[in-house]
Amino acid sequence: MPTPRPEYPHPHFDRSHSWASLNGTWDFRADPSGHHTADSADGYDQRITVPFAWETPASGIAAHWLQTAWYRRTFTVPATWRWQRVILHFGAVHHEAAVWVNGIEVARHEGGYTPFSTDVTDALGDGEQELVVRVHAPADKLEIVHGKQRSMPRDDYDGVCFTPSSGIWQSVWLTPRPVTHLAALRLRPTPDLAGIGVEAEVRGPDLDTAQLNLRVRAEDRTVTLNVGPDGRAHGELSLEAPRLWSPEDPHLYYVDAELISAHGSDRVTGYTGLRSITVDGETLHLNGRRLFVRGVLDQGYWPDTGMTAPDDAALRRDLEIAADAGYNLVRKHLKLEDPRYIHHADTLGMLLWAEPASPGRFSPASTARFAQQIEPMVERDGNSPAIVIWGLYNEEWGLDWDVPGDAAKQRAVADAYDRLKALDPTRPVVDNSGWTHVRTDLIDWHYYDESAASWASTVADLLAGQRDDFPVRLGPDHVVHKKLAVPGQPLRGLPNLNSEYGGGFTGLERAWHLRWQTQELRRHDRLAGYVYTELYDIEHESAGLLDFHRLAKDLAGVDPAQVNAPTTLVLDVTPVAPGRDLLTGTGDLTVDVRVSHHGTSPVEGVLHTTWTPVYAPTPPSPGAPVPGCRAEAKPYVLGEPVTVPAALPEGWASGRLHLALVAEGTVLARTALDVDTRTAPRIGDDPLARPLS
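Residues numbered from 1 in each chain as written. Predicted model: local features only at pLDDT ≥ 70, side-chain atom pairs only at ≥ 80, totals over all residues. Heavy atoms only, no water.

Trainee: Mind showing me how you'd approach the packing of helix 6 (residues 452–464) against helix 7 (residues 507–522) here?
Mentor: When two helices pack together, their arrangement is given by the angle between the helix axes and by the axis-to-axis distance. It is at 10 Å that the axes of helix 6 and helix 7 come closest, and there the two elements cross at 25°. With respect to helix 7, the axis of helix 6 lies roughly parallel. In this structure, helix 6 crosses over helix 7, and the sense of that crossing is right-handed. Note on element contacts: helix 7 touches helix 6 through Trp512, Gln517, Glu520 and Leu521, opposite Ala452, Trp455, Ala456 and Val459. (Axes fitted to C-alpha atoms, helices over the stretch in contact; angles between N-to-C directions. Helix = DSSP H or I, 4+ residues; strand = E, 2+ residues; numbered from the N terminus. Parallel < 35°, antiparallel > 145°, perpendicular 65-115°, else oblique. Left-handed = near helix turned anticlockwise from the far one by under 90°. Contact = heavy atoms within 4.5 Å.)

Quick look at the structure:
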């Protein structure tokens, strides 16, 4: 069989000039009673494909609720690695791993999402080497970080959790290096975006004689840094003609680093992009220009492979799908994703909101485990220009739903924020996404509502400061009102984001909510952005724009790319229900249309209209211009309303009115309005028109 996931696993710290993948077929034995030991050779009666979790069909095992199992394989060290140290790397193993080489224990690691490595040189012998890994993945995950993996006993949020991914679920590989070696290469843009700041970490003996040579590819010079007695080397790499990284131009600077010491040469390549992400009052700025976040939630699951992408192309494809739907940011939800995903975002220019996995209960142990992810997250992914927001907790998960009433939980949130900001002060941090903020750089909320009217009024009130709480449905008949923040955390003067929203069960209903709810968010100039839930379905959760296999769903003619475009049309309409946005007694109507524009210069154009049957997709032609209907907008200032008259075609009882803003033959924005001449329904006739109670 070809080696699964054969690409080099860690592109931000690249040693791909010399490495060996250990992905592929391993011996496997289940150990439900925990009676096996590392030195016993019996019981390996199955074969597993690494790096796929043992619950998945792709692994060849598909075992559920197995808590302990063993992996075994052999490997040979290349002859060219002689006189170097041999390092064994694991991208991620859920949850506890113990590792032996030739019967010698070489590593123990806890934490199912963080990478680890170990020097196995002293355990090596001649010829073939035996590698054994024992993994314990408890069914009771409540006090360990597990994100969206289901637990037994169940989490409070079990209804939105999925099949666990236990065991080795990211790549395993070997690299050689000298005894004095590069352990870290942190690359950050300088504050003026004219160069690259470098902080390298060197480990090993004889540091006083070590030198670090750095070369930016395409720059014709080398900079040499001395290594201090603490193993650190600091410096700046100036650039001849600095080129900024942005979604429109995702330019990357690759830095080749060579450490020269008495013990030989060690080579690593890293990269970064020149970009800044800053908070200025209630707005976000990317490279000094206002940024409006048009985001989508992505939870990182695949049908046959669980939390592991089936191949590298699948990681890239999910980002391309999001871009095709008009999004400029992906929130990777409750998961430290495969580093290659971050790499693809860097190369494609897709912005990322990154966050660690959560536990299910609050305790000193679970709080410590959560915090232990923060430094590895920043160390592994901090070079990425695509990551513009760090997240921490989510909706009080792992905090027992009681942050306002418990000072210890507030301290846990604040301490996590402080820890992250100390490691990386260059990016905004969200402390507890959704509500009940304690110490944060952004005020975000997760607001779901099936009523178009109450959705619009609640969002308007939150942004206007007329309310500081909103309803959250925690069960079919259990609605609570969640505060935006605890006392002491300011609600004004920070960027506001509606960072989860969406409604409906069918594709038709979800597309309708996507169109109208996103329109209402675009009505408010002070909003800093949104994150829609979600990109694709997962198992039982059918909230995606695509199905679980990333195939198209019936969205009843709604095009997400038009909904999420930088320039959109906002209608002064409170819609009634899917297929019946506007109910009229006759075929004649008027609608007030505004322009929302998130660009660098004003836009102006003529409004065009055309009719199709309800649920029909957008026709190729924008239709006929409407006399006297010229609309305009300045950047980030909602345009004044323009009244557009229209009439249903003769003989039609209903239809979809397509509206387009056209300038010099170019369509700048589109939307649609479903019109029905039937009488408006009585209160209670349509569940989608019912306000949340």
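Trainee: Just checking my understanding: could you explain helix 1 (residues 312–324) for this structure?
Mentor: The α-helix advances 3.6 residues per turn, and as a result positions three or four apart in sequence lie on the same side. Its 13 residues place the ends of helix 1 19 Å apart at the C-alpha level, agreeing with the 18 Å of an ideal helix rising 1.5 Å per residue. Among the residues making up helix 1, those that are buried are Asp312, Ala314, Leu315, Asp318, Leu319, Ile321 and Ala322. As for helix 1, its buried residues are in contact with strand 23 (293–298), strand 24 (329–332), helix 2 (339–348) and strand 25 (351–354). Two or three places before alanine 313, at the start of helix 1, stands the capping residue aspartate 311, its side-chain oxygen 3.3 Å from that residue's backbone nitrogen. Backbone geometry just downstream of helix 1 places glycine 326 in the positive-phi region, at approximately 90°. (Expected span 1.5 Å × (residues − 1). Buried < 20%, exposed > 50% of the residue type's maximum accessible area, 1.4 Å probe, protein only. Polar contact = N/O pair within 3.5 Å; in protein donor to acceptor, adjacent residues only side chain to side chain.)

Trainee: Explain the sheet that holds strand 20 (residues 277–280) to me, please; I cannot follow it from the model alone.
Mentor: Overall, antiparallel pairing links the 3 strands, which are arranged 20-21-22 in an open sheet. The open sheet is flanked by strand 20 and strand 22 (289–291), the only strands paired with a single partner. Neighbour to neighbour, the strand axes of the sheet diverge by 45° on average, direction disregarded. With 3 bridges connecting them, strand 21 (residues 283–286) and strand 22 associate as antiparallel partners. Its bridge partner being in strand 22, histidine 285 is matched across the sheet by arginine 290. (Pairing = 2+ DSSP bridges.)

Trainee: How should I be thinking about helix 6 in this particular structure?
Mentor: Compared with an ideal rise of 1.5 Å per residue, which puts 13 residues at 18 Å, helix 6 spans 18 Å between its outermost C-alpha atoms and is within 8% of the ideal. Where helix 6 is buried, its residues contact strand 28 (443–446), strand 29 (469–475), strand 31 (496–500), helix 7 and strand 32 (527–532). Backbone geometry just after helix 6 places glycine 465 at a positive phi near 80°.

Trainee: Help me understand the sheet that holds strand 35 (residues 588–597) in this model?
Mentor: The strands making up a sheet associate through hydrogen bonds between their backbones, and the pairing can be parallel or antiparallel. Sheet architecture is open: 3 strands sit in the order 33-35-38, paired in antiparallel fashion. The sheet is open, and its two edges are formed by strand 33 (567–571) and strand 38 (642–647), each paired on a single side. Averaged over all adjacent pairs, the angle separating strand axes in this sheet is 40°, with direction ignored. Along the sheet face, helix 7 touches strand 33 and strand 35 and points at about 100° away from the line of strand 33.

Fair warning: the whole summary comes from geometry, so function is off the table for now.
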